[in-house]
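If you want the building blocks of each chain, they are given just below.
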Amino acid sequence: MKRKILSLLTLVFVLALALTGCGGNTDTKQAQNGNQQQNLLQKIKADGTIRIGTEGTYAPFTFHDKSGKLTGFDVEIAEEVAKRLGVKPQFIETKWDGMFAGLDAKRFDMVANEVGIRPDRQQKYDFSQPYIVSKAVLIVNKDNNDIKSFADLKGKKSAQSLTSNLTDIARQNGAIIVHSDGFNQAIDLLASHRVDATVNDGLSYLDLKKQKPDTPIKVVAEQKQGSASGMLFNKGNKELVDAVNKALTDMKNDGTYLAISKKWFGTDVSK
């Protein structure tokens, strides 16, 4: 009788160990799956699509041409990056002031929209290597002869996006900030004398004057130091950032970047 009881107890013990072992394997598999889900690059490649946040109203970087197609320097760079990652780009258009919130909410996997690389942003987000360098310019109405330097912005109304590094320049020089949704609206406000100035991107200004030479605006000052921009990511996605950096490096090495740069600006804007 005792032997039967001992045999039964041994059997129960063995079964318990087996079940524990199965549970441990399941837990291990679940943990591995969880790690895979945290790797955004793997998810992007599995889905075959990378979601890219952009304005779509900021020529010549991201805008719609006469046919309505989304195009621009940033768009073409992002498309080439996606191609080298082996996925399709899905552009999600968002106003500039909602761009960071959209990334926070994971509406897109990265942002391609002339986002300036700044220490305060680097505390919360990761950037790719710089892919363009541009200078801020002070733009006024062609009839304005009072504003000749950034210092002259003190007490003047300047049309700016609320979270732009260009806005910081205007604010640091004492300007009264008038909110605008982007470059085009800032220029409209300026041309109609509803604001006194706007601090904006020099390359955007040159493109506008090329497309619409009669726009009644002029540049009166330019910052000496250029501002570098990069692709923007949520932190914790090192694999994706590394892959994008490799794509950008390869594009510069094989001449693809220079071809895109010359198409839009006639020169190399990476430095």
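The sections below set out a description of the structure shown in this document. (Residues numbered from 1 in each chain as written. Predicted model: local features only at pLDDT ≥ 70, side-chain atom pairs only at ≥ 80, totals over all residues. Heavy atoms only, no water.)

Considerations on helix H10 (residues 256–265)
- Residues of H10 that are buried: Tyr257, Ile260, Ser261, Trp264 and Phe265. An end-on view of H10 places all buried positions within 100 degrees of arc, on one side of the element.
- On its buried face, H10 is in contact with strand E2 (63–64), strand E3 (70–71), helix H3 (73–85), strand E7 (132–134), helix H8 (202–211) and helix H9 (238–254).
- Positive phi shows up at Gly266, right after H10, with a value of about 75 degrees. (Buried < 20%, exposed > 50% of the residue type's maximum accessible area, 1.4 Å probe, protein only. Helix = DSSP H or I, 4+ residues; strand = E, 2+ residues; numbered from the N terminus. Arc of directions from axis to C-beta. Contact = heavy atoms within 4.5 Å.)

A short note on the packing of H9 against H10
- For the pair H9 and H10, interaxial distance at closest approach is 4 Å and the crossing angle is 80 degrees. For the element pair H9 / H10, the angle class is roughly perpendicular. For the pair H9 and H10, contact is made by Met251, Lys252 and Asp254 and by Thr256, Tyr257 and Ile260, respectively.
- For the contact of H9 with H10, the residue count by class is three nonpolar, one polar and two charged. (Axes fitted to C-alpha atoms, helices over the stretch in contact; angles between N-to-C directions. Parallel < 35°, antiparallel > 145°, perpendicular 65-115°, else oblique. Nonpolar A, V, L, I, M, F, W, Y, C, P; charged D, E, K, R; others polar.)

Things to note about the pattern of salt bridges
- In this structure the tally under the stated criterion is 13 salt bridges.
- Among the ionic pairs, Lys235 bridges to Asp126, the shortest N-O distance being 2.9 Å. In this pair, Lys235 is assigned in the loop between strand E13 (227–234) and H9 and Asp126 in strand E6 (residues 125–127), connecting sequence segments 109 residues apart.
- With a relative accessible area of 40%, Lys235 lands in the partly exposed category.
- Asp126 gets classed as partly exposed once you look at its relative accessible area, which sits at 23%.
- A salt bridge links Asp168 to Arg171; the shortest N-O distance between them is 3.6 Å. Of this pair, Asp168 and Arg171 are both found in helix H6 (residues 165–172), three residues apart, which corresponds to roughly one turn of the helix.
- Residue class for Asp168 comes out partly exposed when judged on its relative accessible area of 23%.
- Of the residues examined, Arg171 reaches a relative accessible area of 43% and is grouped as partly exposed.
- Residues joined in a network through salt bridges with shared partners are Arg118, Asp120, Asp168 and Arg171. (Salt bridge = Lys/Arg side-chain N within 4 Å of Asp/Glu carboxyl O.)

Concerning the nonpolar core
- Grouped together as the largest cluster of nonpolar side chains are 47 residues, with contacts concentrated most on Ile50, Phe73, Ile77, Ile132, Met231, Leu240 and Val244.
- In terms of residue count, the dominant contributor to this core is H9 (seven residues).
- Apart from residues no more than four positions distant in its own chain, Phe73 is found in contact with Pro60, Phe61, Glu114, Tyr131, Ile132, Tyr257, Ile260, Ser261, Trp264, Phe265 and Val269. (Core = buried A, V, L, I, M, F, W, Y, C linked by side-chain atoms within 4.5 Å.)

Some remarks on the environment of Phe265
- Counting through the fold element by element, Phe265 comes out in helix H10.
- A C-alpha to C-alpha distance of 10.0 Å links Phe265 and Ser204, two positions 61 residues apart in sequence.
- Leave out the neighbours within four places in its chain, and Phe265 touches Pro60, Phe61, Phe73, Ile132 and Leu203.

Function cannot be inferred from these measures alone, as they are strictly geometric.
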